[in-house]
Amino acid sequence: MKKWEEQNPGGVNGVGDEKVNVTSENFIILRKKIVEDAGAQTQKQILENKVLTRKLQMLSYLNEDVPSEIKGAGEFLKELLEELNIKNNRYAEYVGLHPANLSSLLSGRRKLNTQLAIKLDEIFNIRSDVWMKIQTKNDLIKTRKLLKQKKGKYNLGDLVQI
(Lines give C-alpha, C1' and ligand atoms only; values in the text may rest on other atoms or scores of the structure.)
Protein backbone atom coordinates (compact mmCIF):
# COMPACT_ATOMS: atom_id res chain seq x y z
CA MET A 1 0.00 0.00 0.00
CA LYS A 2 1.41 3.34 -1.06
CA LYS A 3 1.88 5.82 1.76
CA TRP A 4 0.35 9.27 1.28
CA GLU A 5 2.92 11.99 0.80
CA GLU A 6 2.47 15.71 0.84
CA GLN A 7 2.60 17.12 -2.68
CA ASN A 8 3.07 20.74 -1.74
CA PRO A 9 4.91 21.04 1.59
CA GLY A 10 3.97 24.27 3.35
CA GLY A 11 1.57 25.21 0.57
CA VAL A 12 -2.14 24.85 -0.06
CA ASN A 13 -3.34 21.24 0.05
CA GLY A 14 -7.04 21.90 0.44
CA VAL A 15 -6.93 22.69 4.14
CA GLY A 16 -6.94 26.47 3.81
CA ASP A 17 -4.04 26.94 6.26
CA GLU A 18 -1.87 28.99 3.96
CA LYS A 19 -2.47 32.09 1.88
CA VAL A 20 -2.81 31.63 -1.85
CA ASN A 21 -0.55 33.71 -4.05
CA VAL A 22 -3.09 34.97 -6.59
CA THR A 23 -0.35 36.62 -8.64
CA SER A 24 1.67 33.43 -9.13
CA GLU A 25 1.97 32.02 -12.64
CA ASN A 26 0.38 28.71 -11.60
CA PHE A 27 -2.62 30.42 -10.03
CA ILE A 28 -3.16 32.62 -13.09
CA ILE A 29 -3.04 29.56 -15.36
CA LEU A 30 -5.49 27.70 -13.10
CA ARG A 31 -7.89 30.65 -12.97
CA LYS A 32 -7.79 30.98 -16.78
CA LYS A 33 -8.53 27.26 -17.19
CA ILE A 34 -11.47 27.45 -14.76
CA VAL A 35 -12.93 30.43 -16.60
CA GLU A 36 -12.53 28.67 -19.96
CA ASP A 37 -14.15 25.49 -18.68
CA ALA A 38 -16.98 27.42 -17.06
CA GLY A 39 -17.64 29.26 -20.31
CA ALA A 40 -17.86 25.97 -22.18
CA GLN A 41 -20.58 24.53 -19.92
CA THR A 42 -23.98 23.81 -21.36
CA GLN A 43 -27.06 25.36 -19.76
CA LYS A 44 -27.89 21.93 -18.33
CA GLN A 45 -24.43 21.63 -16.73
CA ILE A 46 -24.75 25.10 -15.23
CA LEU A 47 -28.10 24.19 -13.68
CA GLU A 48 -26.75 20.87 -12.39
CA ASN A 49 -23.79 22.64 -10.79
CA LYS A 50 -26.07 25.16 -9.09
CA VAL A 51 -28.18 22.33 -7.68
CA LEU A 52 -25.05 20.44 -6.61
CA THR A 53 -23.78 23.52 -4.78
CA ARG A 54 -27.03 23.80 -2.82
CA LYS A 55 -27.03 20.04 -2.13
CA LEU A 56 -23.52 20.25 -0.67
CA GLN A 57 -24.61 23.18 1.51
CA MET A 58 -27.54 21.12 2.77
CA LEU A 59 -25.30 18.13 3.57
CA SER A 60 -22.84 20.42 5.32
CA TYR A 61 -25.69 21.85 7.40
CA LEU A 62 -26.73 18.34 8.40
CA ASN A 63 -23.17 17.52 9.45
CA GLU A 64 -22.97 20.48 11.84
CA ASP A 65 -23.58 19.31 15.41
CA VAL A 66 -25.02 22.64 16.45
CA PRO A 67 -25.55 25.03 13.54
CA SER A 68 -24.90 28.71 14.17
CA GLU A 69 -28.41 29.39 12.93
CA ILE A 70 -31.40 27.19 12.16
CA LYS A 71 -32.04 26.96 8.44
CA GLY A 72 -35.18 25.18 7.37
CA ALA A 73 -35.77 22.97 4.36
CA GLY A 74 -38.04 25.72 3.01
CA GLU A 75 -35.20 28.22 3.20
CA PHE A 76 -32.94 25.88 1.21
CA LEU A 77 -35.74 25.45 -1.33
CA LYS A 78 -36.23 29.22 -1.53
CA GLU A 79 -32.53 29.73 -2.26
CA LEU A 80 -32.59 26.96 -4.85
CA LEU A 81 -35.60 28.44 -6.67
CA GLU A 82 -33.97 31.88 -6.66
CA GLU A 83 -30.66 30.48 -7.90
CA LEU A 84 -32.40 28.71 -10.77
CA ASN A 85 -34.68 31.69 -11.54
CA ILE A 86 -37.82 29.65 -10.94
CA LYS A 87 -40.79 31.79 -9.94
CA ASN A 88 -42.61 30.67 -6.80
CA ASN A 89 -45.99 30.57 -8.56
CA ARG A 90 -44.56 28.47 -11.41
CA TYR A 91 -43.04 26.02 -8.94
CA ALA A 92 -46.22 25.83 -6.83
CA GLU A 93 -48.31 25.10 -9.90
CA TYR A 94 -45.80 22.51 -11.16
CA VAL A 95 -45.85 20.47 -7.93
CA GLY A 96 -49.54 21.01 -7.18
CA LEU A 97 -49.22 23.32 -4.20
CA HIS A 98 -51.34 26.33 -3.43
CA PRO A 99 -49.04 29.40 -3.73
CA ALA A 100 -49.90 30.47 -0.17
CA ASN A 101 -48.78 27.07 1.15
CA LEU A 102 -45.50 27.34 -0.75
CA SER A 103 -44.99 30.84 0.61
CA SER A 104 -45.54 29.53 4.14
CA LEU A 105 -43.02 26.76 3.57
CA LEU A 106 -40.40 29.11 2.14
CA SER A 107 -40.78 31.49 5.08
CA GLY A 108 -40.63 28.73 7.69
CA ARG A 109 -44.24 29.00 8.85
CA ARG A 110 -45.12 25.59 7.38
CA LYS A 111 -43.26 22.28 7.62
CA LEU A 112 -42.10 20.19 4.71
CA ASN A 113 -44.11 17.00 4.21
CA THR A 114 -42.92 13.68 2.82
CA GLN A 115 -44.91 14.02 -0.40
CA LEU A 116 -43.20 17.29 -1.28
CA ALA A 117 -39.82 15.88 -0.22
CA ILE A 118 -40.27 13.08 -2.76
CA LYS A 119 -41.17 15.62 -5.47
CA LEU A 120 -38.07 17.66 -4.57
CA ASP A 121 -36.00 14.49 -4.93
CA GLU A 122 -37.43 13.83 -8.39
CA ILE A 123 -36.97 17.41 -9.59
CA PHE A 124 -33.59 18.35 -8.11
CA ASN A 125 -32.04 14.93 -7.44
CA ILE A 126 -31.53 15.83 -3.79
CA ARG A 127 -32.70 12.78 -1.87
CA SER A 128 -35.98 13.12 -0.03
CA ASP A 129 -34.39 11.95 3.21
CA VAL A 130 -31.97 14.90 3.09
CA TRP A 131 -34.91 17.31 2.98
CA MET A 132 -36.66 15.44 5.80
CA LYS A 133 -33.50 15.18 7.93
CA ILE A 134 -33.16 18.97 7.79
CA GLN A 135 -36.77 19.28 8.96
CA THR A 136 -36.23 16.72 11.75
CA LYS A 137 -32.92 18.24 12.86
CA ASN A 138 -34.53 21.66 13.19
CA ASP A 139 -37.56 20.25 15.03
CA LEU A 140 -35.24 18.57 17.53
CA ILE A 141 -33.18 21.74 18.05
CA LYS A 142 -36.31 23.81 18.67
CA THR A 143 -37.88 21.22 20.98
CA ARG A 144 -34.67 20.81 23.01
CA LYS A 145 -34.61 24.56 23.57
CA LEU A 146 -38.24 24.49 24.75
CA LEU A 147 -37.64 21.56 27.10
CA LYS A 148 -34.34 22.84 28.46
CA GLN A 149 -35.99 24.16 31.63
CA LYS A 150 -37.45 20.69 32.26
CA LYS A 151 -34.06 18.97 31.94
CA GLY A 152 -33.71 16.32 34.60
CA LYS A 153 -37.43 16.04 35.10
CA TYR A 154 -37.61 12.80 33.15
CA ASN A 155 -35.57 9.79 34.18
CA LEU A 156 -35.89 6.02 34.23
CA GLY A 157 -35.63 5.79 38.01
CA ASP A 158 -38.77 7.88 38.52
CA LEU A 159 -40.60 5.96 35.84
CA VAL A 160 -40.01 2.52 37.34
CA GLN A 161 -40.06 3.96 40.91
CA ILE A 162 -36.70 2.68 42.08
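Because the structure is predicted, anything quoted here is derived from the model rather than measured.

Rules behind the numbers
- Residues numbered from 1 in each chain as written.
- Predicted model: local features only at pLDDT ≥ 70, side-chain atom pairs only at ≥ 80, totals over all residues.
- Heavy atoms only, no water.
- Axes fitted to C-alpha atoms, helices over the stretch in contact; angles between N-to-C directions.
- Helix = DSSP H or I, 4+ residues; strand = E, 2+ residues; numbered from the N terminus.
- Parallel < 35°, antiparallel > 145°, perpendicular 65-115°, else oblique.
- Left-handed = near helix turned anticlockwise from the far one by under 90°.
- Contact = heavy atoms within 4.5 Å.
- Nonpolar A, V, L, I, M, F, W, Y, C, P; charged D, E, K, R; others polar.
- Phe/Tyr/Trp six-rings, centres within 6.5 Å; stacked < 30°, edge-to-face > 60°.
- Buried < 20%, exposed > 50% of the residue type's maximum accessible area, 1.4 Å probe, protein only.
- Lys NZ or Arg CZ within 6 Å of the ring centre and 35° of its normal.
- Core = buried A, V, L, I, M, F, W, Y, C linked by side-chain atoms within 4.5 Å.
- Salt bridge = Lys/Arg side-chain N within 4 Å of Asp/Glu carboxyl O.

Enquirer: I tried to follow the packing of helix H6 (residues 114-124) against helix H7 (residues 128-147) on my own but got confused; where do I start?
Expert: Helices that pack against each other are described as a pair by the angle of their axes relative to one another and the distance between those axes. Between H6 and H7, whose axes approach to 7 Å, the crossing angle comes to 135°. The angle between the axes of H6 and H7 places the two elements in the oblique class. For H6 against H7, the interelement crossing comes out right-handed. Taking contact as the criterion, the partners of Thr114, Ala117, Ile118, Leu120 and Asp121 in H6 are, on H7, Ser128, Trp131 and Met132. A per-class count over the contact of H6 with H7 returns five nonpolar, two polar and one charged.

Enquirer: What am I meant to see in the side chain of Lys71 here?
Expert: The topology assignment puts Lys71 in the loop between helix H2 (43-63) and helix H3 (73-83). In this structure Lys71 touches Tyr61, Phe76, Glu79, Ile134 and Asn138, once residues within four positions along its chain are discounted.

Enquirer: How should I be thinking about the packing of aromatic side chains in this particular structure?
Expert: How two aromatic rings sit relative to each other is set out by the distance from centre to centre and by the angle between their planes. Applying the stated rule across the entire model yields two aromatic pairs. Measuring from ring centre to ring centre gives 6.4 Å for Tyr91 and Phe124, while their planes differ by 20°; the resulting arrangement is stacked. Of this pair, Tyr91 sits in helix H4 (residues 88-95) while Phe124 sits in helix H6; the two residues are 33 residues apart in sequence, bridging distant segments of the chain. The same class applies to Tyr91 and to Phe124, which are both buried. Of note, Lys137 hangs over the ring of Tyr61, and the distance from its end group to the ring centre comes to 5.1 Å.

Enquirer: In this structure, what is going on with the nonpolar core? I would like to understand it.
Expert: Inside soluble globular proteins, nonpolar side chains tend to come together where they are buried. Counting residues in each nonpolar core, the largest one holds 24 residues, and the members touching the most others are Leu77, Tyr91, Leu112, Leu120, Phe124, Ile126 and Trp131. Broken down by element, this core gets its largest block of residues, five residues, from H3. Not counting the four nearest positions on each side in its chain, Leu120 is found in contact with Leu77, Tyr91, Leu112, Asn125, Ile126 and Trp131.

Enquirer: What is the right way to read the pattern of salt bridges from this model?
Expert: Any two side chains of opposite charge can pair, given that their charged atoms come close. In the structure shown here, the tally under the stated rule is seven salt bridges. Put simply, Arg54 and Glu79 hold a salt bridge, and the shortest N to O gap is 2.9 Å. Of this pair, Arg54 sits in helix H2 while Glu79 is found in helix H3, placing the two residues 25 residues apart along the sequence. In this structure Arg54 comes out as buried when scored by relative accessible area, which is 11%. Several salt bridges share partner residues, and in doing so they unite Arg54, Lys71 and Glu79 into one network.

Shape is all these values report; function is a separate question.
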